[in-house]
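A structural walkthrough
The residues making up each chain are set out below.
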Amino acid sequence: MQQQPRILGGDRHLNLHELIHALVEDGRLDKKNSDEFLIPARTGRLEIHPLVIISQQEWDDLARPGKKLTLEALTQWLAERAGLPYFRIDPLKVDVTAVTAVTSSAYAGKHRILPVKVDQHKVVIATAEPDIRSWEKELAHITGLQIERVIANPLDIARYLNEFYSVSHSIRRATSDKDDGQIPGITNLEQLVELGKTGSLDANDKDVVQIVDWLLQYAFDQRASDIHMEPRREKGYIRFRIDGVMHQVYDMPTPVMTALSSRIKVLGRMDVVEKRRPQDGRIKTLLPEGGEIELRLSTMPTAFGEKLVLRIFNPDVLVKDFTALGFSAKDITGWNQMVNQPNGIILVTGPTGSGKTTTLYSTLKQLAQPEVNVCTVEDPIEMVEPAFNQMQVQHNIGLDFASGVRTLLRQDPDIIMVGEIRDKETAEMAIQAALTGHLVLSTLHTNDASSAVTRLREIGVPAYLINATLLGVLAQRLVRTLCPHCKQPAEVDPDLWQALTRPWKLSGEPTFYAPVGCDECRNTGYMGRIGLYEMLRMTPAIRSQLGPDSDAAEIRRIAVNEGMVQLRISGAHKIAQGLTTMEEVLNVVPPDSEI
């Protein structure tokens, strides 16, 4: 094993005063700050890592003007000074089952180390104490593997040391309690029956409860929008969707996965016994810091068991302003003019997962004043909001969108939100509501804004009713935004850029950026998402085009001539602002955008 240079010397823990002097020596800290800190520091806080104490002072980092000596920056400095690699622990990229098998929780906790990678020949161990090496030979002897040390954030090591071993222990104990986990899958199309082995895990078993709690908190911490629990022949897989992209998180024995699904179904007040037909449910949970999160549950029978998807809705999105959602100043003005009309229909279009629900809920939240009665009919109710009167579609008792709107019209509403216009009957009821003096908001699945107008004609709505009621259409998409920590200026194909932006000419020369990838964004180059919007407002020229032979292309041409910003142009603006890339925009703009 390669001998690394000591940072302070001796096989001992880091010393707070010596670290501060080392920071001054390396030109990272002002000596005045260190002198003022030495007196109160003598009291000592042995249980807190010295880097944590230093980061809490929020001192300026002399090597990075305008930035502070954060814990992450201090950890990177420590790694460089110790001559060891710096490692940012990303729990999504750690094989928890494999690393927790390297050593016991007690041993890792005693030496404050955490295995983060392991293969046939080597194990990578994260530590925040580069001068402590007493454990290294011992662990190499026990495992028979080469030891590679890396420096990681001490708080991350403490956190994931607890989380990794806790969930791994719970899974092992839950499995071993039931015949070493050798339990055949339930509702398996290719059931593998092992004779002489019986039993099943209880959804209320304390270990199962702990694993579910960890899974939900883990998803919230990772900014996941969906949790997928997928049964397979040999084991079950858990995946998160983050910024629109799926990430493998964990795999676990089939009986444990089945017990987790049962536990979540219990929480969602679903029929635990019924595994042959799809079910829907919802959970509302409190975060440790006090906030609320809603989860919408959906089950589906598959070849190897019941697949469960949890869609996560954060009520905080309802209080976001439209600028944070990606609206331009022009979009906000036009949207506010439409939604503040006393009556008419406003449509929001786009594919599944394009942010339509967020736009509608944010709008309704803004409109739901004490003097206004806001009613919705949804399938299902996405987020429960106290400011609205929300009704759930229930097809098994004949309560569909059309009958739901008919009921709402008797409830003295001012504003009605219809989850989706799917058929002629629902469209006619929405138009009837608009004609009788109500503002109606709804969604429609079309590629762009102009296609929504012709889709209503295809459904069977007469042109004169569209003319009389439709106020406008908002088409939208979501694109991933570049990570602000690592994006770098880049060149783009000028011909492609010209094709994307024509006939618009952006003022000035934009600076294009490309994704790079860093620890903050899990080396994806992207962090978060933002909306692209295309707003079509019904003008006399557009209304004149509505007839039996309405043409979406002609409506689009007129709308663009009257100032409508197309989705691709909205995307070009986001590219020019350094928020996203051309590849992201081209991936989501409609195929008929003539690029």
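One can find the structure itself at the top, above this paragraph.
What this report covers is the structure whose coordinates are included nearby. Just so you know, the residues in each chain are numbered from 1, in the order the chain's sequence is written. Where local features are concerned, this predicted model is filtered to residues with pLDDT of at least 70; where side-chain atom pairs are given and counted, the filter is 80 or more; whole-chain, interface and lining totals use all residues. Values shown for side chains rest on all heavy atoms present in the structure; no hydrogens or waters enter the calculation.

1. Digging into the packing of aromatic side chains
Aromatic pairing here means that ring centres of Phe, Tyr or Trp (its six-membered ring) are within 6.5 Å. Orientation follows from the plane angle: under 30 degrees is stacked, over 60 is edge-to-face, and everything else is tilted. Using the criterion set out here, one finds nine aromatic pairs in the structure. Seen in terms of ring centroids, Tyr160 and Phe164 are 5.3 Å apart; in terms of plane orientation they differ by 25 degrees. Their pairing is stacked. Linking Tyr160 with Phe164, this pair stays in helix H8 (residues 154–176), spanning four residues, or about one helical turn. Taken together, the ring pairs connect Trp214, Tyr218, Phe240 and Tyr250 into an aromatic cluster. A ring is scored as having a charge over it whenever the NZ atom of a lysine or the CZ atom of an arginine sits within 6 Å of its centre and within 35 degrees of its normal. It is Arg480 that lies over the ring of Tyr526; its NZ or CZ is 4.1 Å from the centre. For the cation-ring pair, Lys487 lies above Tyr513, with the distance from its terminal atom to the ring centre recorded as 4.7 Å. The numbering of helices and of strands both runs from the N terminus, where a helix is a DSSP run of H or I of at least 4 residues and a strand a run of E of at least 2.

2. As for the sheet that holds strand S6 (residues 245–253)
The strand order across the open sheet formed by six strands is S6-S5-S4-S9-S8-S7, and the pairing between neighbours is antiparallel. Only two strands of the sheet have a single partner each, and these edge strands are S6 and strand S7 (280–286). Along the sheet, successive strands turn relative to each other by an average axial angle of 20 degrees, direction set aside. The sheet contact formed by S7 and strand S8 (residues 292–302) spans seven bridges and is antiparallel. For two strands to pair, DSSP has to find at least two bridges joining them. To obtain each axis, a line is fitted to C-alpha atoms, and for helices this fit is confined to the stretch in contact; angles are then taken between N-to-C directions over 0 to 180 degrees.

3. Focus on the environment of Pro413
For Pro413, the location among the structural elements is in the loop between helix H14 (401–408) and strand S13 (415–418). Only protein chains enter the area calculation, which uses a 1.4 Å probe; residues under 20% of their type maximum are buried, those over 50% are exposed, and those in between are partly exposed. Note on Pro413: relative accessible area 4%, which makes it buried. The sequence separation of Pro413 and Asn389 amounts to 24 residues, and the corresponding C-alpha distance is 9.5 Å. Residues contacting Pro413, with those up to four places away along its chain left out, are Asn373, Cys375, Leu408 and His438. Note on contacts: a residue pair qualifies if any of its non-hydrogen atoms lie within 4.5 Å across the two residues.

4. Concerning the nonpolar core
Soluble globular proteins tend to pack their nonpolar side chains together in the buried interior. Ile227, Met229, Ile238 and Phe240 are the most contacted members of the largest nonpolar core, which totals 64 residues. Top element by residues in this core is helix H9 (residues 206–221). It accounts for nine residues. Excluding residues that lie within four positions of it along the chain, Ile238 makes contacts with Leu215, Ile227, His228, Met229, His247, Gln248, Val249, Tyr250, Met252, Met257 and Leu260. Val440, Ala452, Leu536 and Leu567 belong to the second-largest nonpolar core, a separate cluster that totals 54 residues. To qualify as a nonpolar core, a set must consist of buried Ala, Val, Leu, Ile, Met, Phe, Trp, Tyr and Cys residues joined through side-chain atoms within 4.5 Å.

5. Considerations on the packing of H9 against helix H10 (residues 254–267)
It is at 9 Å that the axes of H9 and H10 come closest, and there the two elements cross at 75 degrees. As summarised for this structure, H9 and H10 are arranged roughly perpendicular, according to the angle between their axes. Packed against H9, whose contacting residues are Val208, Val209, Ile211 and Val212, the element H10 presents Val256, Ala259, Leu260, Arg263, Ile264 and Leu267 at the interface. All residues other than Ala, Val, Leu, Ile, Met, Phe, Trp, Tyr, Cys, Pro, Asp, Glu, Lys and Arg, Gly among them, are scored as polar; the first ten of these are nonpolar and the last four charged. The residue inventory of the contact of H9 with H10, partitioned by class, reads nine nonpolar, no polar and one charged. Should an angle fall under 35 degrees it is called roughly parallel, over 145 degrees roughly antiparallel, and 65 to 115 degrees roughly perpendicular, with every other angle called oblique.

6. Brief notes about the sheet that holds S13
Ordered in space as S12-S11-S13-S14-S10-S15-S18, the seven strands form an open sheet in which the pairing is mixed. A single partner strand is all that each edge strand has here, and the edge strands are strand S12 (389–392) and strand S18 (526–537). On average, each strand axis in the sheet is inclined to that of its neighbour by 20 degrees, with strand direction left out of account. Bridging between strand S11 (residues 374–378) and S12 involves four bridges; their strand directions are parallel. Among the inter-strand pairings, Val377 is bridged to a residue of S12, identified as Met391. Its contacts with the sheet put H14 on S11, S12 and S13, and the angle it makes with S11 is roughly 165 degrees.

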